[in-house]
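Close look at the chain arrangement
Spelled out, the chains give:
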Amino acid sequence: MPGMRFVRRLDGLTYEFVRDGDAHGFPSYKRVDLDIWCRRLPDFGWVVCTAEAAVSSRPFDDAGRGDLPPEGVWVSFKGDRSYVYDLVHTDAPAVADSELS
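Structure report, in brief. (Residues numbered from 1 in each chain as written. Predicted model: local features only at pLDDT ≥ 70, side-chain atom pairs only at ≥ 80, totals over all residues. Heavy atoms only, no water.)

A word on the overall build of the chain
Helix and strand counts for the chain come out as zero helices and eight strands. Along its sequence from the N terminus, the chain presents helices and strands in the succession β-β-β-β-β-β-β-β. A separation threshold of at least 6 residues defines the contact pool for the chain, and within that pool the share at least 24 residues apart is 33%. Carbon together with sulfur atoms contributes 52% to the accessible area of the chain, which is approximately 5700 Å² in total. (Helix = DSSP H or I, 4+ residues; strand = E, 2+ residues; numbered from the N terminus. Contact = heavy atoms within 4.5 Å. Areas by Shrake-Rupley, 256 points an atom, 1.4 Å probe, with all protein chains shown as cover.)

Next comes the structure, spelled out in structure tokens:
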């Protein structure tokens, strides 16, 4: 599995992540346009975070303690905003013309 895609339910905005090494004994995924990561943090589960482990998103229903980030609903928060995303594993490299911000 080379990567994954987060799709925001509100407007379809898509964020692509690609496999980039390991962290804490699990695969690590980097967002293609920023230094943002999807990693499994020890004793916390799968999250989207900065390189310094400041968490901004996590699975909604389950902390995600498996070997891969769980597909399905994730929630994010930044300041006073919060969004719902769907995480989908991808088998292809990141799409160059995806809308990223």
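Comments concerning the side chain of Arg40
Note that Arg40 resides in strand β4 (residues 36–41). A polar contact is formed between the side chain of Arg40 and the backbone oxygen of Arg65, at a distance of 2.6 Å. A polar side-chain atom of Arg40 sits 3.1 Å from the main-chain carbonyl oxygen of Gly66. (Polar contact = N/O pair within 3.5 Å; in protein donor to acceptor, adjacent residues only side chain to side chain.)

Re the layout of surface pockets
With a probe scaled to a water molecule rolled over the atoms, the places where space remains empty come into view. In this structure, the largest pocket occupies an estimated 460 Å³ of space. Forming the walls of the largest pocket are 20 residues, and the residues nearest its centre are Tyr15, Arg31, Ser56, Lys78 and Tyr85. Sorting the residues of the lining of the largest pocket by element identifies β1 (3–8), β2 (14–23), β5 (45–50), β6 (55–59), β7 (72–78) and β8 (81–90) as the ones contributing at least two each. Classifying every residue of the lining of the largest pocket by side-chain character gives eleven nonpolar, five polar and four charged. (1 Å grid on protein atoms, 1.4 Å probe; cavity = no way out; pocket = protein on both sides within 12 Å on 5 of 7 lines; lining within 4 Å. Points joined across faces, edges and corners; volume = space filled by probe spheres on them. Nonpolar A, V, L, I, M, F, W, Y, C, P; charged D, E, K, R; others polar.)

Structural notes on the sheet that holds β4
Pairing between the strands of a sheet is mediated by backbone hydrogen bonds and can be parallel or antiparallel. Strand order in this closed barrel of eight strands is β1-β2-β3-β4-β5-β6-β7-β8, and the pairing throughout is antiparallel. The mean inter-strand angle of the sheet, taken between neighbouring strand axes irrespective of direction, is 30 degrees. Direction of pairing for β2 relative to strand β3 (residues 26–31): antiparallel, over a ladder of five bridges. Counterpart to Phe17 in the pairing with β3 is Arg31. (Pairing = 2+ DSSP bridges. Axes fitted to C-alpha atoms, helices over the stretch in contact; angles between N-to-C directions.)

Quick notes on the pairing of β8
Remember that side chains alternate between the two faces of the sheet whenever the strand is regular. Relative to β8, β1 is paired through six bridges, and the arrangement is antiparallel. The residue of β8 that forms the bridge with Arg8 is Tyr85. In this structure, β7 lies alongside β8, joined through seven bridges in antiparallel fashion. Paired with Val75 across the bridge in β8 is Val84. Here β7 folds back onto β8 in antiparallel fashion, the turn holding two residues, of which Gly79 has a positive phi close to 65 degrees.

Structural notes on the nonpolar core
Of all hydrophobic cores here, the largest spans 14 residues; its most connected members are Met4, Phe6, Phe17, Cys38, Val48 and Trp74. Elements that contribute at least two residues to this core include exactly β1, β2, β3, β4, β5 and β8. Here Cys38 is in contact with Met4, Phe6, Phe17, Pro27, Ser28, Tyr29, Trp46, Val47, Val48, Pro69 and Trp74, once residues within four sequence places are set aside. (Core = buried A, V, L, I, M, F, W, Y, C linked by side-chain atoms within 4.5 Å. Buried < 20%, exposed > 50% of the residue type's maximum accessible area, 1.4 Å probe, protein only.)

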